[in-house]
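Take a look at the letters that make up each chain.
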Amino acid sequence: MKRRLSETRGPAAGVAAFRIMLSVLGLVRTCRFAHVVAFFYALFDRSARESARPYLQRRFPGIGGLRFFRACWKLFASQGEALVMAEAASRGMLVSKERNSQEFHSLAKESRGLVLAGAHFGPWQAAMRYMDSSPKPRCFLAEIDKNAEVDKFHALGESARVIPIRNGTDWVLEAYDALEHGFALGLLGDRGAAADSVACERVPFLGGSARFPLFPFLIASRAGAPVLPFVAYKDGPKRGLVVEIGPPLRPTGGRRSESLRRCVREYAAFLERAA
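Small disclaimer: the values here were computed from a predicted structure and weren't measured.

### As for the packing of helix H2 (residues 27-44) against helix H4 (residues 65-90)
- It is the contact of H2 with H4, at a shortest axis distance of 8 Å, that shows an interaxial angle of 140°. Compared by their axis directions, H2 and H4 come out oblique. The handedness of the crossing between H2 and H4 comes out as right-handed. Residues Leu27, Thr30, Cys31, Ala34, His35, Ala38, Phe39, Tyr41, Ala42 and Leu43 of H2 form the contact with H4, whose own contacting residues are Phe69, Cys72, Trp73, Phe76, Ala77, Gly80, Glu81, Val84, Met85 and Ala88.

Now the structure itself:
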């Protein structure tokens, strides 16, 4: 089975060096050094460049040559900064603020469950810490990273529970049960679905179309839970974190429900505006 690129990146020694730098030099200087490392990845790592090509060509139509190299460099540097910020978040070093959070805090006070639908966007690993601002008990639904050095759960608070996505349907039942018991369920709603999957919706995205999975909205629908999409931004040269929350989505019905599919389209549109 072909391994994902993230499974081969982030050797333990390199990650340890960045952690030492973070302790000694602080967040801003360590993030700057990530740009140096990213330059060599962009220059010498062909597999990384080719993995980035579909997104960059969608985001910047017609890009090529030196512009493509520069865009790869910026993308890899952004991803490196995101991992540094996740480590900083786990240490309580990261200053964060929210945008459009009124609906979130209102819904978080209710007894029913709530789905927080994040995305692979900006410093999203650090945004996992954002769940600590909810008064609800917290859990997160995602695949377990095979490379422990880039573990997406690293920034989660100690009280957060992890529900791993695995073969079978037990994880679906666990997620549903968590919502039934009033948890705030975090997940990433933009993982691409297989071309032959019936559990996805093809929606307009960045000038073309893309497949988005239905399961986050289907679980929410079954549990009667609202969905709040959110993305994370790096806030200026000081590398603060901004978490922007979208309008609540309220999916109803089953897999063929128009309400469910409309929620997927609105979630994708929220990500497109952010991009």
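Back to the text.
### What to know about the pattern of salt bridges
- Using the criterion set out here, one finds twelve salt bridges in the structure.
- Between arginine 265 and glutamate 201 there is a salt bridge whose closest N-O contact spans 3.5 Å. Of the two residues, arginine 265 sits in helix H9 (residues 258-274) while glutamate 201 sits in strand E6 (residues 200-205), which places them 64 residues apart along the sequence.
- On the basis of relative accessible area, glutamate 201 is assigned to the buried category, the value being 11%.
- Note that glutamate 266 and arginine 262 form a salt bridge whose closest N and O atoms lie 3.9 Å from each other. Linking glutamate 266 with arginine 262, this pair stays in helix H9, spanning four residues, or about one helical turn.
- Taking relative accessible area as the criterion, glutamate 266 reaches 37% and is therefore assigned partly exposed.
- On the basis of relative accessibility, which here comes to 37%, the residue arginine 262 falls in the partly exposed class.
- What emerges from the salt-bridge pattern is a single network uniting Glu201, Glu258, Arg261 and Arg265.

Scoring rules and cut-offs
- Residues numbered from 1 in each chain as written.
- Predicted model: local features only at pLDDT ≥ 70, side-chain atom pairs only at ≥ 80, totals over all residues.
- Heavy atoms only, no water.
- Axes fitted to C-alpha atoms, helices over the stretch in contact; angles between N-to-C directions.
- Helix = DSSP H or I, 4+ residues; strand = E, 2+ residues; numbered from the N terminus.
- Parallel < 35°, antiparallel > 145°, perpendicular 65-115°, else oblique.
- Left-handed = near helix turned anticlockwise from the far one by under 90°.
- Contact = heavy atoms within 4.5 Å.
- Salt bridge = Lys/Arg side-chain N within 4 Å of Asp/Glu carboxyl O.
- Buried < 20%, exposed > 50% of the residue type's maximum accessible area, 1.4 Å probe, protein only.

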